[in-house]
Amino acid sequence: MKKYTKQDIIQLVKENDVEFIRLQFTDLFGALKNMAISASQLERALDNKCLFDGSSIEGFVRVEESDMYLYPDLDTFTILPWRPQRGKVARMICDVYRPMGIPFEGDSRYLLKKVLKRANELGYHFHVGPECEFFLFHTDENGRPTTLTHERAGYFDITPLDLGEDARRDIILTLEEMGFEVEASHHEVAPAQHEIDFHHCNALKTADNIQTFKMVVKSIAKRHGLFATFMPKPLGDVDGSGMHINFSMHRDGKNLFFDKSKPMGLSEDCLYFIAGLMKHAKAITCVCNPLVNSYKRLIPGYEAPTGIAWSEINRSPLIRIPSSRGQSTRVELRSPDSASNPYLVLALSIAAGLDGIIHKIMPPEPIGSNMYLMKEKELEELGVEKLPRTLGEAIAAMEEDPFVKEVLGEHIYKRYLHAKKKEWESYCAYVTDWEREQYLYKF
């Protein structure tokens with residue numbers, strides 16, 4: 001990772017004819033926000049003097065305590081390649097602070113930093129690699145998104161079946177120009193569905209990269225006359241979009257999840273980490289799968305996990321251990337989707353794994369069979385618990401586990417829960433087209 005000084009940033013802006021700088025930050029629910037400043041105001045921004053109204057951001061603060069400051073992370077400086085070549089636009093990702101230089105406890109990026117600091121104190125450093133899926137749909141004559149597509153491509157199909165290939169190529173070229181190392185890309189199972197995987201990094205940079213990735217995908221799709229969505233389940237009869245997260249844990253350059261003397265080549269710390277994730281899986285689902293729509297993806301028959309189990313290689317449980325060993329040994333959490341706030345997802349997941357390590361919790365035996373084909377009774381006999389089936393169940397599970405409140409802190413915990421309860425209640429009160437079709441003429 002590049003390490004920039006203030007003078008480096010000033011020089012880069014001058015040399016590259018950058019006219020505007022976007023100071024970006026993420027709200028509590030994962031939406032990327034920004035304040036744009038002109039190059040003439042750069043030094044003020046670098047001195048952490050850019051002020052904004054925090055009461056206008058959902059989940060932040062009340063009107064009477066609304067003054068918030070943006071502290072740019074200099075190492076996140078990058079020029080946006082799709083913006084004008086004259087008078088270019090750059091961005092820096094920012095931390096949010098209260099007055100007097102106090103970190104804002106409601107800033108999810110700050111929360112992830114706290115969890116990673118705790119891990120570092122224990123001697124652990126986490127590398128994280130995401131697998132981000134999304135849909136590319138047509139827009140209507142007014143430029144508004146639809147769920148229409150002309151293509152009928154499936155898993156790993158190529159042109160001419162894969163009509164989104166050109167857009168995906170331009171997305172990758174843009175990401176690489178911004179410093180990403182893209183490992184692979186392909187058409188996914190559903191028509192108009194795509195996946196792009198980028199190289200693992202430290203956990204904070206990965207969360208930043210996920211936010212940048214979503215911005216790039218949407219921006220480049222728009223240039224192709226398409227609309228990119230990370231909605232977990234935009235279509236009812238095909239697979240939804242997930243964001244599998246791969247974790248590895250290191251000390252002094254050594255992967256601590258690998259131990260060639262142990263069964264499956266997995267260290268005790270790796271097994272403890274898996275057990276911690278399983279212990280808190282229900283409680284963190286509300287954050288990993290934050291929307292009413294998220295639970296339309298987490299149902300049997302659509303290649304998404306529903307049971308809290310783990311396996312070596314087998315892709316059907318919640319947690320999978322890919323076949324690579326040595327420095328590539330990793331734990332793959334398969335439930336999260338890209339509608340989530342990546343800072344909160346990584347903070348809770350890593351904290352859950354650490355809880356398993358600290359308390360030396362051992363996981364149950366791995367499941368070798370395809371769980372997609374197993375009956376309810378079989379799963380019950382194996383002691384496999386289910387993930388929450390609705391946002392309402394996920395909210396209840398989050399409230400039942402004090403671990404989540406301990407990790408998130410009072411501010412984030414209360415505001416997040418309040419918003420999700422309001423969303424669930426609103427959904428429950430809404431009369432859908434399905435209900436009218438089923439009941440209007442019958443009763």
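Scroll up to find the structure.
Each value, and the rule that gives it
Residues numbered from 1 in each chain as written. Predicted model: local features only at pLDDT ≥ 70, side-chain atom pairs only at ≥ 80, totals over all residues. Heavy atoms only, no water. Helix = DSSP H or I, 4+ residues; strand = E, 2+ residues; numbered from the N terminus. Rg over C-alpha atoms; globule rule 2.2 N^0.38 Å. Buried < 20%, exposed > 50% of the residue type's maximum accessible area, 1.4 Å probe, protein only. Lys, Arg positive; Asp, Glu negative; His and termini not counted. Charge placed at Lys NZ, Arg CZ, Asp CG, Glu CD. Core = buried A, V, L, I, M, F, W, Y, C linked by side-chain atoms within 4.5 Å. Contact = heavy atoms within 4.5 Å. Disulfide = S-S within 2.5 Å. Phe/Tyr/Trp six-rings, centres within 6.5 Å; stacked < 30°, edge-to-face > 60°. Lys NZ or Arg CZ within 6 Å of the ring centre and 35° of its normal.

**Thoughts on the overall build of the protein**
Inference 1: Each helix and strand counted, the protein has 13 helices and 19 strands in total.
Inference 2: Taking 22 Å as the expected radius of gyration for a compact globule of 443 residues, we find that the protein reaches 22 Å, a close match to that expectation.
Inference 3: Taken over the C-alpha atoms alone, the protein extends approximately 65 × 60 × 50 Å along its principal axes.
Inference 4: A burial count over the protein gives 54% of its 443 residues as buried.
Inference 5: Of the side chains in the protein, 55 bear a positive and 64 a negative charge, and the two mean positions are spaced by 3 Å.

**Digging into the nonpolar core**
Inference 1: With 95 residues, the main nonpolar core has F213, I274, I319, V331, M398, V404 and L408 as its most contacted residues.
Inference 2: A per-element tally of this core places helix α9 (residues 342–358) first, with 11 residues.
Inference 3: The residues touching L408, leaving out its near neighbours within four places in the chain, are L111, L344, L348, M398 and Y413.
Inference 4: Core analysis: the second largest hydrophobic core is formed by 24 residues, V18, A45, F52 and C94 among them.

**Quick word on the state of the cysteines**
Inference 1: Evaluated as defined, the whole model comprises zero disulfides.
Inference 2: Note on C132: no disulfide assigned, nearest cysteine sulfur contributed by C201 at a separation of 12 Å.
Inference 3: Judged by its relative accessible area of 1%, C132 is buried.

**Description of the packing of aromatic side chains**
Working definition: an aromatic ring pair is given by the centre-to-centre distance plus the angle between the planes.
Inference 1: Tallying each qualifying case throughout the model produces 16 aromatic pairs.
Inference 2: Here the basic side chain of K233 rests over the ring of Y302, its NZ or CZ set 3.5 Å away from the ring centre.

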